Amino acid sequence: LDLLSAAAPQSKVAMLVPSIVEPLHQAARNGGDLTAAVQRATVQLGFDSFLYGVGATSHPDQESRIYTWTSAPREWVACYEQNAFYELDPRIDRMRTSQSPELWDRTSFPDTASNRRFLISAASFGIRSGLIVGINRPTRTWAMFTLNSSVPTLVGETGQRYSGAIGQALVLATHVHELFLAQVLEKCIPPPTVGKPLSGREREVLQLAAKGMSTGQ
């Protein structure tokens with residue numbers, strides 16, 4: 001979704017926040033580019049791109065309607081949707097079975113045909129490892145924040161460096177969830193159908209919601 005790039009919701013947080021997410025709140029207050037702010041935090045933690053996803057069902061499938069927000073290449077987003085990788089993505093299964101943050105690379109998942117298909121495709125777009133953060137939600141829904149890396153294996157000093165970023169990544173994931181897409185979900189704005197681009201009117205409605213306008217307005 002591009003709604004947060006053009007129109008940032010006003011931050012409800014009026015307290016001191018960790019330095020890693022301070023630029024996010026500043027962008028929210030000033031109507032800045034939130035995607036760029038999250039991407040800068042992502043790079044600061046040593047990763048290449050981020051993905052936030054949240055859905056209205058316990059597990060995404062072809063019938064699901066979900067929100068996704070990412071700084072990954074648009075070509076990867078298109079490939080992901082065209083191949084229905086939300087049904088194959090082993091990171092989603094791992095997120096559903098454990099709420100603990102987890103580093104991953106190609107050795108983290110069973111060597112199955114579906115996992116190989118996903119991992120090979122992801123690697124072709126520079127996504128070879130990363131960090132998975134599952135986000136608790138009060139209803140039978142799911143939310144996930146991932147940080148992506150082009151590093152093929154997370155061993156030795158590389159793995160230790162990424163392990164050292166987990167604490168700040170958890171803070172980032174929480175604030176991304178609370179400050180951004182949760183604003184849209186609370187207003188009951190329907191998400192776009194997976195694989196189908198937003199219409200002009202849908203994009204307009206989401207942008208207005210991000211600005212804090214009500215359905216009546």
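You'll find the structure just up there.
Calculation notes
- Residues numbered from 1 in each chain as written.
- Predicted model: local features only at pLDDT ≥ 70, side-chain atom pairs only at ≥ 80, totals over all residues.
- Heavy atoms only, no water.
- Buried < 20%, exposed > 50% of the residue type's maximum accessible area, 1.4 Å probe, protein only.
- Helix = DSSP H or I, 4+ residues; strand = E, 2+ residues; numbered from the N terminus.
- Pairing = 2+ DSSP bridges.
- Contact = heavy atoms within 4.5 Å.
- Axes fitted to C-alpha atoms, helices over the stretch in contact; angles between N-to-C directions.
- Arc of directions from axis to C-beta.
- Phe/Tyr/Trp six-rings, centres within 6.5 Å; stacked < 30°, edge-to-face > 60°.
- Lys NZ or Arg CZ within 6 Å of the ring centre and 35° of its normal.
- Salt bridge = Lys/Arg side-chain N within 4 Å of Asp/Glu carboxyl O.

A. Examining the pairing of strand β5 (residues 142-149) more closely. Counting buried residues in β5 gives 8 out of 8 residues, a clear majority hidden from the surface. What you see with β5 is no split at all: Trp142, Met144, Thr146 and Asn148 on one side and Ala143, Phe145, Leu147 and Ser149 on the other are buried throughout. Alignment of strand β1 (residues 49-55) against β5, held across 7 bridges, turns out to be antiparallel. Bridge pairing in β5 links Leu51 to Thr146. Note: strand β4 (residues 129-134) against β5, 6 bridges, orientation antiparallel. Note that in β5 the partner of Gly134 across the bridge is Met144.

B. Broad picture of the environment of Thr146. Relative to the helices and strands, Thr146 resides in strand β5. According to the relative accessible area criterion, Thr146 is buried, its value standing at 0%. Through-space distance from the C-alpha of Thr146 to that of Ala173 is 8.2 Å; in sequence the pair is 27 residues apart. Contact partners of Thr146, with chain neighbours within four places excluded, come to Ser49, Phe50, Leu51, Arg91, Leu131 and Ile132.

C. Molecular detail of the sheet that holds β4. As summarised here, the arrangement of the 5 strands in space is β2-β1-β5-β4-β3, forming an open sheet in which the pairing is antiparallel. Strand pairing shows two members of the sheet lacking a second neighbour, β2 (66-70) and β3 (102-105), which therefore form its edges. The sheet shows a mean angle of 20° between the axes of neighbouring strands, taken without regard to direction. This element, helix α5 (residues 90-97), spans β1, β3, β4 and β5 of the sheet and lies at about 130° to β5.

D. Broad picture of helix α2 (residues 22-30). Of all the residues in α2, the buried ones are Leu24, His25, Ala27 and Ala28. Down the axis of α2, the buried set is contained in an arc of 155°. They therefore lie on one face. Once α2 finishes, Gly31 follows within two positions and takes phi at roughly 70°, a positive value.

E. Representation of the packing of aromatic side chains within the structure. Taken as a whole and judged by the stated rule, the model has 11 aromatic pairs. Taken together, a centroid distance of 5.5 Å and an interplanar angle of 80° make the contact between Trp76 and Tyr80 edge-to-face. With a gap of 4 residues between them, Trp76 and Tyr80 both fall in helix α4 (residues 74-82), about one helical turn apart. Residue classification places Tyr80 among the buried positions, given a relative accessible area of 13%. Feature note: the residues Trp76, Tyr80, Phe85, Phe118 and Phe125 constitute an aromatic cluster, connected by ring pairs. Over the aromatic face of Tyr162 sits the side chain of Arg161, whose NZ or CZ is 5.4 Å from the ring centroid.

F. Seen up close, unusual backbone geometry. Positive phi values are uncommon outside glycine, yet Ala84 reaches one of about 50°. Within the element layout of this structure, Ala84 appears in the loop between α4 and α5. Residue Ala84 is classed as buried on the basis of its relative accessible area, which comes to 12%.

G. Highlighting the pattern of salt bridges. Inspection of every chain in the model, using the stated rule, returns 3 salt bridges. In this structure, Arg94 engages Glu102 in a salt bridge whose closest nitrogen and oxygen atoms are separated by 2.3 Å. Since its relative accessible area comes to 23%, Glu102 is described here as partly exposed. One salt bridge in this structure joins Asp111 and Arg116, with 2.9 Å as the shortest N-O distance. The class of Asp111 is exposed, set by a relative accessible area of 61%.

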